[in-house]
Amino acid sequence: MHYFEYRNGKLFAEDVSVEDLVKEHDTPLYIYSAKTFKRHFEAFDSAFEGIDHLTCYSVKANSNLCILKMLSEMGSGMDIVSGGELFRALKAGVDPQKIVYSGVGKREHEIREALISDILMFNVESRQELEKINQVAVEMNTKARISLRINPDVDPKTHPYISTGLKKNKFGLDIEQALESYKLARDLSGIDPVGIDCHIGSQLTSIEPFIEALNRIKKFHLQLKDLGIEIKYLDLGGGLGITYDEETPPHPVEFGKAIKENLKDLNLTLILEPGRVIAGNAGILVTKVLYTKESPSKNFIIVDAAMNDLLRPSLYGSFHRIECAEQKDGPAKMADVVGPICETGDFLAQDREIREVDQDELLAVFSAGAYGFTMSSQYNSRPRGAEVIVDGDKVTLARRREVYFDLVDLEEQCF
Ligand code: LLP
């Protein structure tokens with residue numbers, strides 16, 4: 001459920017019309033709905049009521065400071081994957097004791113920064129990384145709380161680029177080999193093994209792979225107990241999918257129920273790292289039609305947003321629903337919605353049925369709240385668009401539109 005809906009034929013974000021937002025903030029424009037973010041967070045977090053748990057929103061999905069602050073004020077922790085994300089989370093006022101740090105390539109300075117901040121734990125993805133964290137912690141005369149990320153070899157049945165829990169993926173430690181790393185972790189003076197972690201992939205539309213992974217982790221947990229390693233946290237990562245088109249992912253309540261049933265008697269604090277399910281349908285990208293053209297084989301709608309603004313269609317062939325901001329009668333046509341970038345792969349939709357549009361009409365690209373702005377770039381020297389948050393009838397400019405100067409600000413003037 002989200003709060004982008006038509007009122008008298010015009011698309012509204014909560015109580016503000018998209019047309020009015022564009023008058024003020026121009027296009028391309030990311031529009032987020034605060035109520036939707038809050039509703040999604042609450043629905044997810046309350047699905048785990050009754051068990052000890054911590055929801056750590058995955059910052060990479062949408063890392064705008066205002067969004068992080070809003071979620072943090074609702075009690076959310078954060079799942080981070082870089083020093084930059086740590087910086088953002090702290091700046092947004094997140095309690096470091098609610099921060100978990102994943103990722104295969106943590107650098108020494110990033111490890112140090114996380115130790116200085118005293119985050120809850122590192123999710124460690126290799127033996128060498130474990131040794132590096134130990135070295136840094138010993139140098140700092142402290143102990144790093146860690147969990148090892150287990151690769152449970154479960155097929156999440158999602159796009160190959162966003163599968164992470166298969167043997168062939170770069171993530172985590174092979175479940176067969178992980179025990180050895182836990183033994184090492186137990187013996188290292190700068191390491192305190194407090195958890196087990198896994199994350200098997202993103203945009204999962206069924207519960208079974210999660211349960212399969214959980215069952216493997218539970219078996220592994222028993223092996224750890226036999227070794228005398230007592231842990232406190234079980235981090236199941238993120239990955240719950242959303243509806244972009246016709247997918248029917250489980251509702252968070254259903255997801256929570258299934259996980260809870262399989263967690264009975266474990267006496268561990270459950271950590272979850274949802275990203276997309278919180279942010280995905282809480283944002284749209286609004287773009288303006290620049291031109292239309294009909295070639296003998298295709299119709300093109302050329303808009304002012306491009307793959308630099310929303311990369312998902314180009315990178316994964318992802319589907320994003322596209323609707324006109326103003327509902328009008330008119331014949332529908334098949335068309336490609338494309339951006340101005342000089343790449344054939346620059347499209348927001350291909351062979352999409354859409355009503356005939358006029359120049360300057362506004363189109364809304366749905367489900368753009370997660371992995372939208374965070375994956376944007378300035379490719380083709382295109383300043384990034386603005387991000388606004390609507391809460392009822394209140395509008396906050398959460399990130400100003402970039403200007404040409406932002407394109408060259410960090411470069412040397414070699415003349
Ligand atoms: N935890 C870890 C360790 C992760 O790697 C991820 C996502 C998450 C949590 C959050 O997963 P979510 O709940 O959002 O599925 N750019 C891709 C998605 C990449 C996901 C990477 N990891 C996309 O646009 O589909």
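Residues numbered from 1 in each chain as written. Predicted model: local features only at pLDDT ≥ 70, side-chain atom pairs only at ≥ 80, totals over all residues. Heavy atoms only, no water.

Peer 1: Help me out: how do you make sense of the site of the ligand in this one?
Peer 2: Lining the immediate surroundings of the ligand are 19 residues, of which S202, E273, R312, Y316 and Y371 lie closest. Contact between the ligand and S202: an oxygen atom at 2.4 Å from a side-chain N or O atom of the residue. In the environment of the ligand, a nitrogen atom lies 2.7 Å from a nitrogen or oxygen atom belonging to the side chain of Y316. Taking 590 Å² as the accessible area of the ligand by itself, protein coverage stands at 92%. In this structure, the ligand is accommodated by the largest pocket. Along the lines of polarity and charge, the residues of the shell around the ligand split into 5 nonpolar, 8 polar and 6 charged. (Near = heavy atom within 4 Å. Polar contact = N/O pair within 3.5 Å; in protein donor to acceptor, adjacent residues only side chain to side chain. Areas by Shrake-Rupley, 256 points an atom, 1.4 Å probe, with all protein chains shown as cover. 1 Å grid on protein atoms, 1.4 Å probe; cavity = no way out; pocket = protein on both sides within 12 Å on 5 of 7 lines; lining within 4 Å. Sits in = over half its atoms within 2 Å of the grid points. Nonpolar A, V, L, I, M, F, W, Y, C, P; charged D, E, K, R; others polar.)

Peer 1: What is the right way to look at the environment of L130 in this model?
Peer 2: Summarising the element assignment, L130 is placed in helix α6 (residues 127-139). For L130, a relative accessible area of 0% gives the class buried. Taking the C-alpha atoms as reference points, L130 and A144, 14 residues apart in sequence, are found 9.8 Å from one another. For L130, the contacting residues outside a window of four places in its chain are V124, I146, L148, S181, L184, A185, L188 and I191. (Helix = DSSP H or I, 4+ residues; strand = E, 2+ residues; numbered from the N terminus. Buried < 20%, exposed > 50% of the residue type's maximum accessible area, 1.4 Å probe, protein only. Contact = heavy atoms within 4.5 Å.)

Peer 1: Please clarify how helix α8 (residues 208-226) should be interpreted in this entry.
Peer 2: Residues lying three or four places apart along an α-helix face the same way, a consequence of the helix completing one turn every 3.6 residues. Taking 1.5 Å per residue as the helical rise, α8 with its 19 residues ought to reach 27 Å, and the 28 Å between its terminal C-alpha atoms agrees with that figure. Every buried residue of α8 is accounted for by P209, F210, I211, A213, L214, I217, F220, H221 and L224. Looking at the buried side of α8, the elements it contacts are β9 (144-151), α7 (175-187), β11 (191-197), β12 (233-235) and α9 (252-261). Remark: G228 follows α8 within two positions and exhibits a positive phi of approximately 85°. (Expected span 1.5 Å × (residues − 1).)

Peer 1: Help me understand the confidence of the model for the protein chain in this model?
Peer 2: Regions with low pLDDT should not have their predicted coordinates read in detail. Taken residue by residue, the protein chain gives an average pLDDT of 96. The fraction at 70 or more is 100%. Mean pLDDT across the elements of the protein chain bottoms out in strand β10 (residues 173-174) (90) and peaks in strand β4 (residues 29-33) (99). (pLDDT = per-residue confidence, 0-100.)

Peer 1: Can you walk me through the layout of surface pockets in this structure?
Peer 2: If a probe as big as a water molecule is rolled over the atoms, it shows which places are left empty. There is about 620 Å³ of room inside the largest pocket. Along the walls of the largest pocket sit 30 residues, with K60, T164, F171, H199 and Y371 positioned nearest its centre. Taken together, the residues of the lining of the largest pocket sort by class into 11 nonpolar, 10 polar and 9 charged. Mapping the lining of the largest pocket onto the domain boundaries places at least three of its residues in each of domain 1 (4-32 + 280-412) and domain 2 (34-277). (Points joined across faces, edges and corners; volume = space filled by probe spheres on them. Domains from an automatic or database assignment.)

Peer 1: Please clarify how empty space enclosed by the protein should be interpreted in this entry.
Peer 2: One pass over the structure, following the stated rule, counts 1 cavity of 30 Å³ or more. Taken as a whole, the largest cavity encloses approximately 40 Å³ of empty space. Counted by class, the lining of the largest cavity contains 6 nonpolar, 2 polar and 2 charged residues.

Peer 1: Just checking my understanding: could you explain the sheet that holds strand β1 (residues 4-7) for this structure?
Peer 2: Sheets are built from strands that pair by backbone hydrogen bonding, the pairs being arranged parallel or antiparallel. Strand order across the open sheet formed by 3 strands is β1-β2-β3, with antiparallel pairing between neighbours. Each edge of the sheet is formed by a strand with only one pairing partner; in this case those strands are β1 and β3 (16-17). With 4 bridges joining them, β1 and strand β2 (residues 10-13) adopt antiparallel strand pairing. Considered in β2, the bridge of Y6 is made with L11. (Pairing = 2+ DSSP bridges.)

Peer 1: Honestly, the pairing of strand β8 (residues 121-124) in this entry has me stumped. Any pointers?
Peer 2: Walk down a regular strand and you will see the side chains alternate between the two sheet faces. Of the two faces of β8, both are covered, the one formed by M121 and N123 as well as the one formed by F122 and V124. One ladder, built from 2 bridges, connects strand β7 (residues 99-101) with β8; its direction is parallel. Looking at β8, one finds that Y101 is bridged to F122. The pairing of β8 with β9 spans 3 bridges and is parallel. What sits directly across from F122, in β9, is I146. With α6 bridging β8 and the parallel β9, this β-α-β connection has right-handed handedness. (Right-handed = clockwise from strand over helix to strand, strands pointing away.)

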